[in-house]
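Tertiary structure, described
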Amino acid sequence: GAVVSQHPSWVICKSGTSVKIECRSLDFQATTMFWYRQFPKQSLMLMATSNEGSKATYEQGVEKDKFLINHASLTLSTLTVTSAHPEDSSFYICSARGTSGGARDTQYFGPGTRLTVL
Amino acid sequence: GENVEQHPSTLSVQEGDSAVIKCTYSDSASNYFPWYKQELGKGPQLIIDIRSNVGEKKDQRIAVTLNKTAKHFSLHITETQPEDSAVYFCAASHANNDMRFGAGTRLTVKP
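The text that follows walks through the structure, step by step, so that each part is easy to find. Everything quoted here is computed from the prediction, not taken from an experiment. (Residues numbered from 1 in each chain as written. Chains lettered and ligands numbered in written order. Predicted model: local features only at pLDDT ≥ 70, side-chain atom pairs only at ≥ 80, totals over all residues. Heavy atoms only, no water.)

Residue and element names in this part refer to chain A. Under the definition given, this model contains 7 salt bridges over all chains. A salt bridge links Glu22 to Arg24, with the shortest nitrogen-to-oxygen separation between them at 3.5 Å. Taking relative accessible area as the criterion, Glu22 reaches 25% and is therefore assigned partly exposed. Take Arg24: its relative accessible area is 33%, and that puts it in the partly exposed class. (Salt bridge = Lys/Arg side-chain N within 4 Å of Asp/Glu carboxyl O. Buried < 20%, exposed > 50% of the residue type's maximum accessible area, 1.4 Å probe, protein only.)

Structure below.
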């Protein structure tokens, strides 16, 4: 149980284009989903927290107009990197937190999406 | 806010030996402490967690201890195997607050 999927697993795009990454909780409902960015050999950097049906809360320094987050259902959140530039190249990871029981506090992570912007 | 520190940043052990990773946290209200294992190119996987109402939890070769008074918790891996090689992250949170992660420990188990 508690499986989180991400799609795509990797993507290469041209500078100036937009890329959408999907995060799904496959066997549980997630009131809250999180988006992280990870640079090589570094820890997870929280970008934003999204709650189903409401606007995402962005961490300081993260441009909300560049990283659009939508959490339309209890099992799906999307991150769209708009007008991507080479400096946006990174490993993006989502996580989902359960709504009840033992999964209420636990965050389960997706496998990550490697974004390369040329 | 919560601040989590993790040590060491790198750890190398011989196969069969034990490995210990330590974390400290700053927010005394934190009550949930998970540990994640991240292999190269993959997302973090939850390997064990502990809540503040217990002092120790064990799952086969993995154990976690929690000292609430000192505000530190540790991951213990016994009889290490090469497949245990990965980056390990500790984290701390309470209620529905954001989870804060340590900087990670790169564990290498030499065969």
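Within a sheet, neighbouring strands are paired by backbone hydrogen bonds and run either parallel or antiparallel to one another. All names here are of chain A. Here 4 strands make up an open sheet; going across it, the order is β1-β3-β8-β7 and the pairing antiparallel. Single-partner strands in this sheet number two, and they are β1 (4-7) and β7 (67-73). In this sheet, adjacent strand axes meet at a mean angle of 15° when their direction is disregarded. Both strand β3 (residues 19-25) and strand β8 (residues 76-81) contribute to a ladder of 6 bridges, which runs antiparallel. Bridge pairing in β8 links Lys20 to Thr80. (Pairing = 2+ DSSP bridges. Helix = DSSP H or I, 4+ residues; strand = E, 2+ residues; numbered from the N terminus. Axes fitted to C-alpha atoms, helices over the stretch in contact; angles between N-to-C directions.)

All names here are of chain B. For Glu2, the position within the fold is in the segment before β1 (4-7). Despite being buried, Glu2 has no salt bridge partner; Lys71 is the closest side chain of opposite charge, sitting 7.5 Å away. Within the structure, the side chain of Glu2 is placed 3.0 Å from the backbone nitrogen of Asp27, a separation counted as a polar contact. Within the structure, the side chain of Glu2 is placed 2.4 Å from the side chain of Ser30, a separation counted as a polar contact. (Lys, Arg positive; Asp, Glu negative; His and termini not counted. Polar contact = N/O pair within 3.5 Å; in protein donor to acceptor, adjacent residues only side chain to side chain.)

To continue, consider the state of the cysteines. Evaluated as defined, the whole model comprises 2 disulfides over all chains. One disulfide in the model links A:Cys23 with A:Cys94; its S-S distance is 2.0 Å. Across the S-S bond of A:Cys23 and A:Cys94 the torsion is about 80°, and the bridge reads as right-handed. Of this pair, A:Cys23 sits in strand β3 while A:Cys94 sits in strand β9 (residues 90-98), and the two are 71 residues apart along the sequence. Accessibility classification places A:Cys23 together with A:Cys94 in one group, the buried group. The disulfide bridge from B:Cys23 ends at B:Cys90, spanning 1.9 Å between sulfur atoms. Residues B:Cys23 and B:Cys90 are joined through a disulfide that is left-handed, its torsion about the S-S bond being -100°. Taken as a pair, B:Cys23 in strand β3 (residues 19-25) and B:Cys90 in strand β9 (residues 86-92) lie far apart in primary sequence, 67 residues in all. We note that A:Cys13 lacks a disulfide partner, and the nearest cysteine sulfur, in A:Cys94, lies 18 Å from it. (Disulfide = S-S within 2.5 Å.)

All right, on to the packing of aromatic side chains then. If you walk through the whole model with that rule in mind, you get 12 aromatic pairs over all chains. Centre to centre, the rings of A:Phe109 and B:Tyr36 are 5.0 Å apart; their planes meet at 90°, and the pair counts as edge-to-face. Of this pair, A:Phe109 sits in strand β10 (residues 107-109) while B:Tyr36 sits in strand β4 (residues 32-38), on two different chains. Accessibility expressed as a relative area gives 0% for B:Tyr36, which makes it buried. (Phe/Tyr/Trp six-rings, centres within 6.5 Å; stacked < 30°, edge-to-face > 60°.)

Judged by nonpolar contacts, the single largest core of 25 residues is most densely connected at A:Val4, A:Trp35, A:Phe67, A:Leu79, A:Tyr92 and A:Leu115. When residues no more than four places from it in sequence are discounted, the contact partners of A:Tyr92 are A:Gln6, A:Ile21, A:Tyr36, A:Arg37, A:Met47, A:Phe67, A:Leu79, A:Gly112, A:Thr113 and A:Leu115. Grouped together as the second largest cluster of nonpolar side chains are 24 residues, B:Ile21, B:Cys23, B:Ile50 and B:Ile62 included. (Core = buried A, V, L, I, M, F, W, Y, C linked by side-chain atoms within 4.5 Å. Contact = heavy atoms within 4.5 Å.)

The analysis is restricted to geometry; functional conclusions fall outside its scope.
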